[in-house]
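# Inside the fold
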Amino acid sequence: MIIDFRYIEAIKQAVTAVRIINRMRISTAICRRFGFETAEEAAAASTGLKKETLSRIPVVVYKSGLHIPATDCPICIGEFKEGENVRILPRCNHGFHVKCIDKWLVLQSSCPTCRRPLSEHSANSNA
Ligand SMILES: [Zn+2]
Ligand SMILES: [Zn+2]
């Protein structure tokens, strides 16, 4: 029996092609999920904060009499309740539930209310 090596090579190439297509499908699915049209757009918008940067934004435990400008979370439209963790953005003092704002900030590094960039770095790069 003669094994045609070109045939084996063709199969290998086909398998590689399928793997690449599958990978592209996955990234397209991710883009669709976040409402981006293309992978490039998704990459451009993916300027979210790193976990480490996120953890440096102050968190307060909400209680009545606490002097913060906001009394409810604009993301879930829920009122802050006693004992809830509220993250206060340092540049604009807007407040959000930690669980709500953290989901946003891993995707976007700006305030969802006033769109002010959170880091000095991104502010400078815009100037
Ligand atoms: Zn919330
Ligand atoms: Zn703000």
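Overview of the structure. Because the structure is a prediction, the values reported are computed rather than measured. (Residues numbered from 1 in each chain as written. Chains lettered and ligands numbered in written order. Predicted model: local features only at pLDDT ≥ 70, side-chain atom pairs only at ≥ 80, totals over all residues.)

## A closer look at the overall build of the protein
To keep it simple, the criterion reads: To qualify as a helix, a DSSP run of H or I must reach at least 4 residues; to qualify as a strand, a run of E must reach at least 2; elements of each kind are numbered from the N terminus. Counting other C-beta atoms within 10 Å of a residue's C-beta gives its exposure: the residue is buried at 20 or more, exposed at 12 or fewer, and partly exposed in between, where C-beta atoms are placed from the backbone. Remark: residues whose backbone-derived C-beta atoms lie within 7 Å of one another are considered to be in contact.
Check the secondary structure of the protein and you find five helices and five strands. In the protein, the succession of α and β elements from N to C terminus is α-α-α-β-β-β-β-β-α-α. Out of the 127 residues in the protein, the part that is buried amounts to 13%. Contacts in the protein between residues far apart in sequence, at least 24 positions, make up 44% of those at least 6 positions apart.

## Side note on the environment of Gly48
Its place among the elements puts Gly48 in the loop between helix H2 (39–45) and helix H3 (51–54). Since 16 C-beta atoms lie within 10 Å of it, Gly48 is described here as partly exposed. Placed 56 residues apart in sequence, Gly48 and Trp104 show a C-alpha to C-alpha distance of 8.0 Å. Aside from chain neighbours lying at most four places away, what touches Gly48 is Leu105, Val106, Leu107, Gln108 and Ser109.

## Let's talk about the nonpolar core
How we decide: For this entry, the nonpolar core is defined as buried Ala, Val, Leu, Ile, Met, Phe, Trp, Tyr and Cys residues connected by C-beta atoms within 7 Å.
Formed by Leu49, Tyr62, Cys73, Phe80, Val86, Leu89, Phe96, Ile101, Leu105, Cys111 and Leu118, the largest nonpolar core amounts to 11 residues. Sequence-distant contacts of Cys73, that is, excluding residues within four places in its chain, are made with Gly78, Phe80, Phe96, His97 and Cys100.

## Overview of the sheet that holds strand E5 (residues 95–97)
Each strand in a sheet pairs with its neighbour through backbone hydrogen bonds, running either in the same direction (parallel) or in the opposite one (antiparallel). Selection rule: Pairing between two strands is assigned when DSSP locates at least 2 bridges connecting them. For helices, the fitted axis covers only the stretch in contact; all axes are lines through C-alpha atoms, and the angles between them, taken along N-to-C directions, range from 0 to 180 degrees.
Strand order in the open sheet made by the three strands is E1-E4-E5, with antiparallel pairing throughout. Single-partner strands in this sheet number two, and they are strand E1 (59–61) and E5. Averaged over neighbouring strand pairs, the angle between their axes works out to 35° when direction is ignored. Where E1 meets strand E4 (residues 85–88), three bridges bridge the pair, whose relative direction is antiparallel. Residue Val61 lies in a different strand from E4, and its bridge partner there is Asn85. Each of E1, E4 and E5 touches helix H4 (residues 98–105); the most contacted strand, E5, lies at about 100° to it.

## A closer look at unusual backbone geometry
The phi dihedral of Ile77 is positive, around 55°, even though this residue is not glycine. On the secondary structure map, Ile77 appears in the loop between strand E2 (72–73) and strand E3 (78–79).

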